[in-house]
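# What the coordinates show
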Amino acid sequence: MEIIMSIENLYALLHGLWLTIVMAFFAASGAIIFGSILAVMRNYFTHRWHKIFGYFAGIYIEVFRNTPLLLWMYAACFVLPVVLGIPANYSVLGTIGLFLYTSSVMAEIIRGGLNSIPRGQFEAAASQGFGFVFTLWYIILPQCYRKVTPTILSQCVTTIKDTSFLAALNVAELTNVSKDILSRLTSFDEIVAVFITVAGLYFIVCFSLSCIVRFYSHYTRIRTS
């Protein structure tokens, strides 16, 4: 067990875990914001010239949700540097690909929350002098987020695990770091130890977030009962 328990390998695994968390955080945070915009566009932009934005949101969501995540990571890493003339930093570009894909999933989650809110609330808000934007910001979206927060947090857990796809692009996240360590091992016991360590690190992070989801769901049920 000397190799896996060495300071160098432990540091590499923890650094990979940190990069995994950072990439998942930025991808998920951006996806919640952009997904909210897409959900609003698809749900409410259905009249007059606004329909163009609704169509765009619908096409974006369906295209990204029905194509592989790894495909968009490859596209972000190999197409964006050429089109935009930016450095080929696979950690950043891979996170962008993950963000673009996750946004489509978040959009459908948030749209489900929007659909659960009666549209009559827009009329009630309009009677009090609220415009569309203020109604969304102060009345509709707060209710929506309360309903879908557990599902959003569950998707964040999935996003953390989805960062492992970046190992295919040689990004130094947790899965790729473990792959590099495994390539230097010959002992079966050491190989098993690496798998257990990496699985344990993923489990700690994802299970902690899952506990937050369960606690929030339980707290919400108590408040509404």
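Residues numbered from 1 in each chain as written. Predicted model: local features only at pLDDT ≥ 70, side-chain atom pairs only at ≥ 80, totals over all residues. Heavy atoms only, no water.

As a further point, take the overall build of the protein. The helix and strand tally for the protein stands at nine helices and zero strands. Listing the helices and strands of the protein from first to last along the sequence gives α-α-α-α-α-α-α-α-α. Taken along the three principal axes of its C-alpha coordinates, the protein extends 70 × 50 × 25 Å. For the protein, buried positions account for 40% of its 225 residues. Long-range pairs, those at least 24 residues apart, make up 73% of the contacts in the protein with a sequence separation of at least 6. Charge-centre separation for the protein: the mean point of 14 positive side chains lies 21 Å from the mean point of 10 negative side chains. (Helix = DSSP H or I, 4+ residues; strand = E, 2+ residues; numbered from the N terminus. Buried < 20%, exposed > 50% of the residue type's maximum accessible area, 1.4 Å probe, protein only. Contact = heavy atoms within 4.5 Å. Lys, Arg positive; Asp, Glu negative; His and termini not counted. Charge placed at Lys NZ, Arg CZ, Asp CG, Glu CD.)

Now for the UniProt feature "transmembrane region" (unreviewed entry) in the protein. In the numbering used here, UniProt assigns the feature "transmembrane region" (unreviewed entry) to residues 17-41, 122-140 and 191-216. Secondary structure content for residues 122-140 is 79% helix and 0% strand, and the end C-alpha separation is 8 Å. Annotation note: span residues 191-216, helix share 100%, strand share 0%, distance between end C-alpha atoms 38 Å. (UniProt positions renumbered as here; feature names shortened; annotations may be inferred.)

What follows covers the environment of I52. Inspection of the secondary structure assignment puts I52 in helix α2 (residues 51-65). On the basis of relative accessibility, which here comes to 58%, the residue I52 falls in the exposed class. The spatial distance from the C-alpha of I52 to the C-alpha of M41 is 9.3 Å, given a sequence separation of 11 residues.

Attention now goes to α2. Because each turn of an α-helix spans 3.6 residues, side chains separated by three or four positions in sequence point in the same direction. Between the first and last C-alpha of α2 there are 21 Å, a value that for 15 residues agrees with the 21 Å anticipated at 1.5 Å per step. Among all positions in α2, only G54, A57, G58, Y60, I61 and F64 are buried. Viewed along the axis of α2, the buried residues span an arc of 165°, placing them on a single side of the element. Facing away from the buried surface of α2 by more than 90 degrees, the exposed residues are I52, Y55 and I59. (Expected span 1.5 Å × (residues − 1). Arc of directions from axis to C-beta.)

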